[in-house]
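Analysis of the macromolecular model
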Amino acid sequence: MSFRTTTAIDYVEDVSPGSGALPPRAWYAASDATSLSLNGSWRLRVSPTADAEDDSFAEPGFDAGNWAEVTVPGHWVLQGEGAFGLPIYTNHLYPFPVDPPHVPTENPTGDHIRVFDLPEDWPSDGGAVIRFDGVESCARVWLNGTDIGEFKGSRLPHEFAVGHLLKPAGNVLAVRVHQWSAGSYLEDQDQWWLPGIFRDVTLLHRPAGSALDFFVHASYDHRTGEGTLRVDSDVDGRVSVPALDIDVETGETVTVRVDPWTAETPKLYDGVLVTEGERVPLRIGFRTVVLEDGLIKVNGKPLLFKGVNRHEWHPEKGRALDLETMREDVLLMKRHNLNAVRTSHYPPHPAFLDLCDEYGLWVIDECDLETHGFTEQAWRDNPVDDDRWTPALLDRAARMVERDKNHPSVVVWSLGNEAGTGRGLTAMAEWIHGRDSSRLVHYEGDWNCRDTDVYSRMYANHGEVEQIGKELDGGTHKRRELPFILCEYGHAMGNGPGGIADYQELFEKYERLQGGFIWEWIDHGVTHPELGYAYGGDFGEELHDGNFVCDGLIFPDRTPSPGLLEFKKVIEPVSFEGADGTVRVTNKQDFAGLSAFAFEWSYQVDGESVESGSLSVPALAPGESADVKLPEPPAQSPAGAETQWTVRALLAADTDWAPQGHEVAWGEVPVAARSLPSVAATDGPVAGDGVITLGPASFDARTGALKTIGGVEVSGLRLDVWRATTDNDEGAEWLTGVRCAEQWRKYGLHRMRHRLASVELDDDALTVRTRVAPAAWEFGLATVYRWTSDGSRLRLTVSVGPEGEWPVPLPRLGVRFGLTRADAVKWYGGGPGEGYPDTKAASRVGRWESTVDGLQTPYLRPQENGARADVRWAELGGLRIEGDPEFFLTARRWTTEQLDAATHLTDLTPGETVWVNLDHALHGIGTGSCGPGVLPPYQLHAGPAEFSFVFSEIPENSEIVDVS
Ligand code: GAL
């Protein structure tokens, strides 16, 4: 005989969404109804299994005095320094056996208790609800000993009616949270697994006649300039919008002249919904989203998404974000020209959407759904294609749509991410279309667009995107009629992403391509006492995906990475292209004119601005261009000087996201090229006792190695082709053809040998011939160093001739050497930040100053970084170095090999020597960590090359600080 026990924890593995919660409804931060935040300090006990403890802790009178205290909102694994368990990072692999709907017996369970009194002014009439805005992954709730229900759907709100259970004082709210549940199968997003009550808990008074659900329909007719408002409300009432003289019944339609809402012009009208028992403030934005002519149009115009995927992240608090952090995200996005966010891969804290409404960002609001781990079993048993799970999927769709439907910023609903395909998704799409016909539906996994209104892909390469732009991609009839977006591209892991300017060009060229969303906003590094920031594997996880969780445009502390600065440049709202004293100004916005901007010109001679003024630019509608004459070039420039114009667009007045003068766009118009440095070879090498001297320099007589330039010691100068591989060089395991690093190592580019062939002294030159090649292989680089001098300056010309069949591109091609002292760095060339061949749109020509430490970019996993592009000359360590032609400059207090070996920034310890790389060329960056590799124009293939540097000692008075 067999039997099965039913236990009190069966709900954990039940595929249903839960029981006891109220129907979902519109979310609002505050009304005139009283509320009580239950955030703050809670008592916590963590048990190893779901049923290790009975539910007596929920009884009033239970003494939790010896339990730990934690902060709610919060994740228990990020509090208590490991005492309550640790975070786990996996990309798509479930960190438990795929055995749906079962979860491991080892199921960390956090019992939470909060005792609260009602405030004195808490009304005695009416009811009350408790709202949980986010709990991962499953919770059972008791109030004053009464079981009020259980729920799943971690990033969605759940409300419970509790009015009948409340007492004036000593209320005991007990919440049992299980890390794993059937719901975990639906939440396999690429991020840390972080259990806990991580969003607000609020007690809301519900007066008699208070508002229930309501739906603000506010559309805009671009032909008439009129907005139409209707607020449907479960509880009848009135709606007023004083600025528009609107005062109507709920359900009544009214049409008036309005200023529309767009992300560029986020006009919101304050209104109020008044029911018998409650006044709910409304912030109304009028806009109409349609699919028309195969395009996503808002207010009659096609959009171009310049977007980013945003996970919620804070390095100490995980996904428990406070309002100020959310605001910081929005401000950073606005200040870097972004206009859109995909809330990957779950609805964010609702306050974030309020900010998007207020500051202006288009939002793709994505449902809390991902079942990516099923891909490992060819999607067998995928919950989204199994009717038993459909109620849970529909519950998630409804909780998202109902919560967020009153946000003008939300223009597209997304069913979820990487969940394969199936009937459950179709059911979600049908429900959403039926409930809200005023927005479009997105889901990337649906390549045939069966359920969706937009063809969406992730990481498609440039070639394919261009085919799609040209409508040559085939596909179903329905798909061919639809617009295209890249819901993920430009994987911002480590150094990069490369090639985003090339994508942007395609987006701007083909109408069908309506832009994309960079993956992703922030590195999910966890603050760690020894490692600085931890990533996957640092908590001893059994399964993990390393630093694949660090792939954001901002570092964990929200400092912009070079990737964000590059993206800002690539997506500027205004562009400048010029030649011959004229600049073509284009308004690249979709809705707004140029009135928000003031324009300036400046004129640079050898990188120094000598004059500037304001530029008058005619009013331009979106998409329009005008040729604007630049003034006469100021004063005569010295012979051989390089001259150029820089034209900039600045905010003409303070906005709520940046002050007056904030730069939104810039362009350079070259005038005269510099004359290249020349050194007359008037001196000749002189052999002495073990030493050769030439002009200011001395060399080792046997090896021809440079030793000093004047008083500056130089060590180890030689050809260098290796770089500490970037995440993009490493490439993703599942991508073929773009994994450079593996190939480079196979062919020994990290262990090149330098065979000295000859040291030759001529009348006017010292020539050192070498062959640079890896052990085991026959290909190599014949490398000749030719040194000449005019007595005070020293010129090195490096000639490189490949021999044999080179099977791989080169990481870099240049020279490296060590300096014993160097700190301050000055240069004339690209800056102020780093730039690589396919990431240097934001690098502008000028005179820059920094320090060796200041040149480093702190990618969480150390890797090649910090190169300054197009450098004409640089000064550091007592040397001035001029390039013929321009070069990439890198300097660091550790070797490339040390950088390559480090796994965390804390592994890098400064040595005595500053290692300098002067690169004639670098292989591009690409996005091979998840996407296409380096595009052909930016690849560095071995070929004959010649490049020169002119060295001279800087007179003593320049400030040089000792590194020791
Ligand atoms: C996508 C996925 C994201 C993230 C990204 C790589 O496939 O949708 O969640 O995993 O790849 O970082």
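Bear in mind that the values here come from a model prediction, so they are computed numbers and not experimental data.

Thoughts on helix H3 (residues 390–404)
Under the 1.5 Å per step criterion, the end-to-end length of H3 is 21 Å for 15 residues, consistent within 8% with the ideal 21 Å. The buried fraction of H3 amounts to 13 of the 15 residues, a majority that puts the element mostly inside the structure.

Side note on the packing of aromatic side chains
Per the counting criterion, the structure on display carries 42 aromatic pairs. Measuring from ring centre to ring centre gives 5.1 Å for Phe96 and Tyr185, while their planes differ by 80°; the resulting arrangement is edge-to-face. Taken together, the residues Phe96 in the loop between strand E5 (88–90) and strand E6 (106–116) and Tyr185 in the loop between strand E12 (171–178) and strand E13 (191–193) connect sequence positions 89 residues apart. The burial state of Phe96 is the same as that of Tyr185; both residues are buried. On the numbers, 5.9 Å between centres and 65° between planes, the contact of Tyr747 with Phe779 is edge-to-face.

Details of the sheet that holds strand E24 (residues 295–298)
With antiparallel pairing, 3 strands are arranged side by side in an open sheet as E23-E24-E25. Each end of this open sheet is capped by a strand with a single partner; those strands are strand E23 (289–292) and strand E25 (301–302).

Quick look at the pattern of salt bridges
Within the structure shown, the criterion is met by 73 salt bridges. Put simply, Arg45 and Glu53 hold a salt bridge, and the shortest N to O gap is 3.5 Å. A salt bridge links Lys405 to Asp213, with the nearest nitrogen and oxygen atoms 2.6 Å apart. With Lys405 in the loop between H3 and strand E29 (410–414) and Asp213 in the loop between strand E15 (201–206) and strand E16 (214–221), the pair connects residues that are 192 residues apart, well separated along the chain. Each member of the pair, Lys405 as well as Asp213, carries the same accessibility label: buried. Put simply, Glu136, Arg155, Glu187, Arg319, Asp368 and Arg396 are held in one network by salt bridges that share partners.

Some remarks on the sheet that holds strand E22 (residues 279–284)
Taking strand neighbours across the sheet as the criterion, the 4 strands line up as E19-E18-E21-E22 in an open arrangement whose pairing is antiparallel. Every interior strand has two partners, whereas the edge strands, strand E19 (246–249) and E22, have only one. Within this sheet the neighbouring strands show an average axis-to-axis angle of 20°, counted without direction. Of the strand pairs in this sheet, strand E18 (residues 237–241) and strand E21 (residues 269–275) are connected by 4 bridges, and their pairing is antiparallel. Residue pairing in the sheet places Val239 in a bridge with Leu273 of E21.

Here we look at the site of the ligand
Within the structure, the ligand sits among Asn91, Asp190, His345, Asn417, Glu418, Met458, Tyr459, Glu488, His491, Trp519, Phe548 and Asp551. Glu418 has a polar side-chain atom sitting 2.6 Å from an oxygen atom of the ligand. Within the contact set of the ligand, an oxygen atom lies 2.7 Å away from a side-chain nitrogen or oxygen of His491. Within the complex, the protein chains bury 96% of what would otherwise be the 310 Å² of accessible surface of the ligand. Its residues assigned to classes, the shell around the ligand comprises 4 nonpolar, 4 polar and 4 charged.

Describing unusual backbone geometry
Residues Pro100 and Pro101 are joined by a peptide bond in cis, for which omega reads 0°. In this fold, Pro101 is placed in the loop between E5 and E6. The linkage connecting Ser344 with the following residue, His345, adopts the cis geometry, with an omega of -20°. Tracing the backbone through its elements, the reader meets His345 in the loop between strand E27 (340–342) and helix H2 (350–359). Phi is positive for Asp293, close to 55°, though the residue is something other than glycine. Since its relative accessible area comes to 61%, Asp293 is described here as exposed. Positioned with a positive phi, Asp580 is a non-glycine residue whose angle comes to about 50°. Along the polypeptide, Asp580 turns up in the loop between strand E36 (574–579) and strand E37 (582–587). Among the residues examined, Asp580 registers a relative accessible area of 72% and is labelled exposed.

Analysis parameters
Each chain carries its own residue numbering, running from 1 in the written order of its sequence. Only residues with pLDDT of at least 70 get local features here, since the model is predicted, and only at 80 or more are side-chain atom pairs given and counted; chain-wide, interface and lining totals rely on the full set of residues. Hydrogen atoms and water are omitted, and side-chain values are computed over all heavy atoms in the structure. Helix and strand labels come from DSSP, where a helix needs a run of H or I of at least four residues and a strand needs a run of E of at least two; each type is numbered from the N terminus. A helix is expected to span 1.5 Å multiplied by its residue count minus one. Remark: exposure states derive from per-residue accessible area (1.4 Å probe, protein chains only) relative to the maximum for the residue type, with buried under 20%, exposed over 50%, and partly exposed in between. Between 30 and 60 degrees the pair is tilted, below 30 it is stacked and above 60 it is edge-to-face, where a pair is any two Phe, Tyr or Trp rings, Trp via its six-membered ring, whose centres lie within 6.5 Å. Following DSSP output, two strands are said to pair if at least two bridges run between them. What makes a salt bridge here is a side-chain nitrogen of Lys or Arg within 4 Å of a carboxyl oxygen of Asp or Glu, nothing more. Only the contacting stretch of a helix is used when fitting its axis, a line to C-alpha atoms as for every element, and angles between N-to-C directions run 0 to 180 degrees. To be near a molecule or strand, a residue needs just one of its heavy atoms within 4 Å of it. Pairing of N or O atoms within 3.5 Å defines a polar contact, subject to two protein rules: one partner must be a possible hydrogen donor and the other a possible acceptor, and residues neighboring in sequence count only if both atoms are side-chain atoms. The protein chains shown are the only cover counted for residues, whose accessible areas, like all others here, come from Shrake-Rupley with a 1.4 Å probe. Side-chain classes are defined by residue name, with Ala, Val, Leu, Ile, Met, Phe, Trp, Tyr, Cys and Pro counting as nonpolar, Asp, Glu, Lys and Arg as charged, and the others, Gly among them, as polar.

Shape is all these values report; function is a separate question.
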